[in-house]
Structures are given as C-alpha cells and as structure tokens.
Amino acid sequence: MVNHLIVGRRSRPYSYSSTMVDWSQLPYDLVVSIANQLFEVVDFLSFSAVCRSWRLVYLKRNWTPSHCDPWLMLGEYTEGDVSIRQFLSLTQFRVYKFPLPEANGCRCWGTSHGWIVTLSQGFAIRLVNPLTRACLDHPEHSMLRSRGHNKVDWFAAIQKAVVLKVRDEFVTMVIHSYNLCLSFAKHGDGAWTDVPFSVPVSLINIVCFKDKVLALTGVGSLLLIDIEGPDCPRALCIASPPGNTKGWKNMYLVESSENLLLVLRYKHQLKLKFKVYKFDILQRKWMASVDIGNNILFVDDYGCTSVSACGSIKPNCIYFAQDNLESSVLPQQEQTLIICNIKDDSTDIQRIDAKPTTFYACPVWTTPALW
C-alpha cells in the first residue's frame, strides 16, 4: 500500500465544486485517460485519493505513466518514534517526507528502478521501495565482515551498490570497499556470486548497457562483466581509458538515449566541472562529446542517471548532489544542489529547504516507482 505524504501533499489533480458532477461517476475509460495525462508521482498519489472508483483504477494499473524524473533522497530524521526520509522533486522543487522505518539507520544507494539498496549496521542488504515500503531481502554476505584481524566498519563495507535490469531480471551488484571484489545476486538466490579477476582491480562504477553489464575501473578501463555465459562469471577488458583525463574526482558510466557515456567530474579552484565522453562501439574507444542534447544527467557521489528533458527541468544540464562525509557524526547542515549547464559552462546553486538530519545519509538520486 502506498504511503501518504507527511507534509507537502499536493492538491488533488482536479478541483471540483458542488455544482459539478460527481467525479466517482465518470466513465472508467475517461478516468484511465485522466491518469495517463499525469506526470509526477505525487499526482498519481493524489489521483488515487480522489474517490473509491479512482482508487480502483489506480490499483488495477491499467494506465501508463508518461515520464518520471529521479528524486533526490536526502537525510533521515525522526518524528516521535517514526523514521522519516526526505525526497526532493525537481518538478516544483519541493521536499516531500515519507515514513520509512525499513531504512532506519541504514546506508543507502539509489537506483533507476524504484528501489533503494540499504545496508544495515548488521551488514544486511535489502531492496526497499520508498513509496510502497515493499522489501526484498538478499542473503547474508560473509565477505562484508572479513578484513583479516581488523574490525570492519559497516558503514564503509560497501563502496557502491546498484540494481541493474538485465534481460528483464533485476540483479543487485555490490563493490566491496576493503577487498575490491565484485558480487551479484538475483532475487531468490541463496547466496552471492563473486566475480573473479585475474589481477587486483579497483572498480568504481557499474551499468547495464544493451543487456550487458559493464564496469569502470579506477584508471578508466571499461570491463565487460559476463554473468550469463557458460564460463561465467568473468570479467573482460574491452576498452582503454580516454586520453587526457588527469585530475578527475570521480568517474561515472551511464546509458543515455541508447549511448554509453563516461562522465568525469572535476573540481578546479573550487569550481565544479564535468566532461562527457561517448563510447564508439565499433571502434571500442571513447570519443569526446560536446553536450548531451535534450538529456539531463543526475549525478551524486556514487552514480549517474540520464533522462530526456521534459517539463520545467532544463536539458543539456547536470544536476549534482554534493556529498559531505565529514558530517557523518553530526546533523547535516544546509543542503544544496549544483546545476551545471554543459553548453555555456555556467553553474547555478540552489538551496534545498530540508530539515536537518539526525543520521547522516549521502544524498542520492533514485527514480520513484508506485509498485
């Protein structure tokens, strides 16, 4: 069942007066047509609350959402005994708050498929839908606790976690922080599967591109991670890093309009800058890209998501959520969003009106899903 917004609930998508017809009496096909005109996830939640007949249309899922931009998941705080998570929607630049005790005290990573990946202080890994609060548990991963004789910091046990959709099947992949290995698990697996490497390698990003799992190393090499072949799993290097990439702070892989992009984030003299490369599949090399056209990139410290521009969000821009790890033991201070226009190299900083958090959480982009 979908949670109600605690604050910031938008009004119902259609107002009415006592002189108008009863909305519950509208023909079914017309109500479906109305649902198909909605844009924001919050509009769908309001749609489902209009009346019982509209709620039934919503529950039958007999409609297709037109577009869904990622939300920025912010920190956690409590109201009474309830754990609350904050989410920024860019459509009206508003922060919404949802009860989410399933992620209480957890480290989280966003995904493009409606889930967030959570790591608890007991090293449990699960997928959580922030809107429905549905959960999928993964098996225990013993390697997360293993670091020789040294005590493992649970918060730093995983460097990155991501959910990929490979041939219509969800796969959760995690990069371990200490032993630099890569593991994956599908829903229903009884154990994690490790991907072996012939030499030690540092991975920083993973993406699914045309049903292929690709990984990026710390030096910019592109690897194909075979998780389905007869000799799987295995890793194969398929491309060298692009030239002249010194000084970057982070690298990201992202699929954008059926292209594979490499995004480099720089910080030069306190100014944030990005450089984007496009992968040439035939030549297996990176080509410099001037801009990203009608697309938008949503970047945080752990990942990058691309969508086509729609509505009020500007195209050819990168929306970056700044991390602040030094605040891990203190309530997070003012949160800002940095917007970089690739075409004219301009930068805009917008303040996010969110409550201070009682538990640190890196701001991450995640695409909401109603089920």
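Predicted, not measured: the structure shown is a model, and the values here were computed from it. (Residues numbered from 1 in each chain as written. Predicted model: local features only at pLDDT ≥ 70, side-chain atom pairs only at ≥ 80, totals over all residues. Heavy atoms only, no water.)

**Q** I would appreciate a short explanation of the side chain of Arg85 in the present structure.
**A** Locating Arg85 in the fold gives a position in strand β2 (residues 82-89). Among the polar contacts made by the side chain of Arg85, one reaches the side chain of Glu76 at a distance of 3.2 Å. Once residues within four sequence positions are removed from consideration, Arg85 is found in contact with Met73, Leu74, Gly75, Glu76, Tyr96, Lys97, Phe98, Leu100, Ala103, Cys106, Cys108 and Ala361. (Helix = DSSP H or I, 4+ residues; strand = E, 2+ residues; numbered from the N terminus. Polar contact = N/O pair within 3.5 Å; in protein donor to acceptor, adjacent residues only side chain to side chain. Contact = heavy atoms within 4.5 Å.)

**Q** For this particular structure, what's the right way to read the pattern of salt bridges?
**A** Charged atoms that come close allow side chains of opposite charge to pair. The final tally for this structure, using the stated rule, is 8 salt bridges. Between Asp345 and Lys273 there is a salt bridge, with its nearest N and O atoms 2.9 Å apart. Within this pair, whereas Asp345 is found in the loop between β23 (335-341) and β24 (346-352), its partner Lys273 is found in strand β18 (residues 271-280), the two being separated by 72 residues in sequence. With relative accessibility at 29%, the residue Lys273 sits in the partly exposed group. (Salt bridge = Lys/Arg side-chain N within 4 Å of Asp/Glu carboxyl O. Buried < 20%, exposed > 50% of the residue type's maximum accessible area, 1.4 Å probe, protein only.)

**Q** Can you walk me through the packing of helix α1 (residues 28-36) against helix α3 (residues 52-60) in this structure?
**A** Think of two packed helices as two axes; the pair is described by the angle between the axes and how far apart they sit. Relative to each other, α1 and α3 sit at 65°, their axes nearing to 10 Å. The interaxial crossing formed by α1 with α3 has right-handed handedness. On α3, the residues touching Tyr28, Val31, Val32 and Ile34 of α1 are Trp54, Val57 and Lys60. Looking at the contact of α1 with α3 residue by residue, the classes come out as 6 nonpolar, no polar and 1 charged. (Axes fitted to C-alpha atoms, helices over the stretch in contact; angles between N-to-C directions. Left-handed = near helix turned anticlockwise from the far one by under 90°. Nonpolar A, V, L, I, M, F, W, Y, C, P; charged D, E, K, R; others polar.)

**Q** Just to check I follow, could you spell out the sheet that holds strand β25 (residues 364-366) for this structure?
**A** Whenever strands of a sheet pair, they do so through backbone hydrogen bonds, lying parallel or antiparallel. Pairing in this open sheet of 4 strands is antiparallel, and the strands run β3-β2-β1-β25 from one edge to the other. Since the sheet does not close on itself, it has two edges, and those belong to β3 (94-99) and β25, each with one partner. Averaged over all pairs of adjacent strands, the angle between strand axes in this sheet comes to 40°, irrespective of strand direction. Pairing between strand β1 (residues 71-79) and β2: 6 bridges, direction antiparallel. Within the sheet, the bridge partner assigned to Thr78 lies in β2 and is Ser83. (Pairing = 2+ DSSP bridges.)

**Q** What should I look at first to understand the packing of aromatic side chains in this one?
**A** By convention here, two paired aromatic rings are described through the distance between centres and the angle between planes. Following the criterion strictly, the structure yields 10 aromatic pairs and no others. Where Trp71 meets Phe87, the ring centres are 6.1 Å apart and the plane angle is 55°; that geometry is what we call tilted. Here Trp71, found in strand β1, pairs with Phe87, found in strand β2; they are 16 residues apart in sequence, far enough to count as distant. No difference in accessibility class separates Trp71 from Phe87, as the two residues are buried. Their ring planes at 20° and their centres at 6.1 Å tell us that Trp71 and Tyr96 sit as a pair that is stacked. Taken together, the residues span a long stretch of sequence, with Trp71 in strand β1 and Tyr96 in strand β3 at a distance of 25 residues. The residues Trp71 and Tyr96 share a single accessibility class, namely buried. Linked through ring pairs, Trp71, Phe87, Tyr96 and Phe98 together constitute an aromatic cluster. (Phe/Tyr/Trp six-rings, centres within 6.5 Å; stacked < 30°, edge-to-face > 60°.)

**Q** Sorry if this is basic, but what is going on with α1 here?
**A** Along an α-helix, a turn takes 3.6 residues, which lines up residues three or four apart on a common side. Within α1, the full set of buried residues consists of Val31, Val32, Ile34 and Ala35. Summarising the axial view, the buried residues of α1 lie within an arc of 155°, below the 170-degree limit, and thus occupy one face. Those residues of α1 that are buried are in contact with α2 (41-48) and α3. (Arc of directions from axis to C-beta.)

**Q** Looking at this model, I keep getting lost on unusual backbone geometry. Mind explaining?
**A** Most peptide bonds take the trans configuration, and most residues that are not glycine carry a negative phi. Positive phi, normally seen in glycine, also occurs at Arg284, with a value near 55°. Looking at the secondary structure, you find Arg284 in the loop between β18 and β19 (285-289).

**Q** Looking at this structure, how should I read the environment of Trp154?
**A** By the secondary structure assignment, Trp154 is in the loop between β7 (135-137) and β8 (158-166). Looking at Trp154, the relative accessible area reads 14%, which means it is buried.

**Q** Would you explain the environment of Val117 in this entry?
**A** Looking at the element boundaries, Val117 is found in strand β5 (residues 116-119). On the accessibility criterion, Val117 (1% relative accessible area) is buried. C-alpha separation for the pair Val117 and Asn129, spaced 12 residues apart in sequence, amounts to 9.1 Å. Residues contacting Val117, with those up to four places away along its chain left out, are Arg107, Cys108, Trp109, Thr111, Ile125, Arg126, Leu127, Ala161 and Val163.

**Q** Just to check I follow, could you spell out the nonpolar core for this structure?
**A** Nonpolar side chains tend to gather and get buried jointly when the protein is soluble and globular. Ranked by internal contacts, the top residues of the largest apolar core, which has 51 residues, are Phe47, Trp54, Leu119 and Ile158. It is α2 that contributes the most residues to this core, 5 residues altogether. If you look at the next biggest cluster of nonpolar residues, it comprises 18 residues, including Leu164, Leu182, Ala215 and Ile227. (Core = buried A, V, L, I, M, F, W, Y, C linked by side-chain atoms within 4.5 Å.)

**Q** Whenever I open this one, the sheet that holds strand β15 (residues 234-239) confuses me. Can you help?
**A** Strand order across the open sheet formed by 4 strands is β12-β13-β14-β15, with antiparallel pairing between neighbours. Either end of the sheet is taken by a strand with one partner, and the two such strands are β12 (203-209) and β15. Averaged over neighbouring strand pairs, the angle between their axes works out to 30° when direction is ignored. Note that strand β13 (residues 212-217) and strand β14 (residues 222-226) share 4 bridges and pair antiparallel. Bridge pairing in β14 places Leu214 opposite Leu224.

Scope: geometric values only; no functional claims are made or implied.
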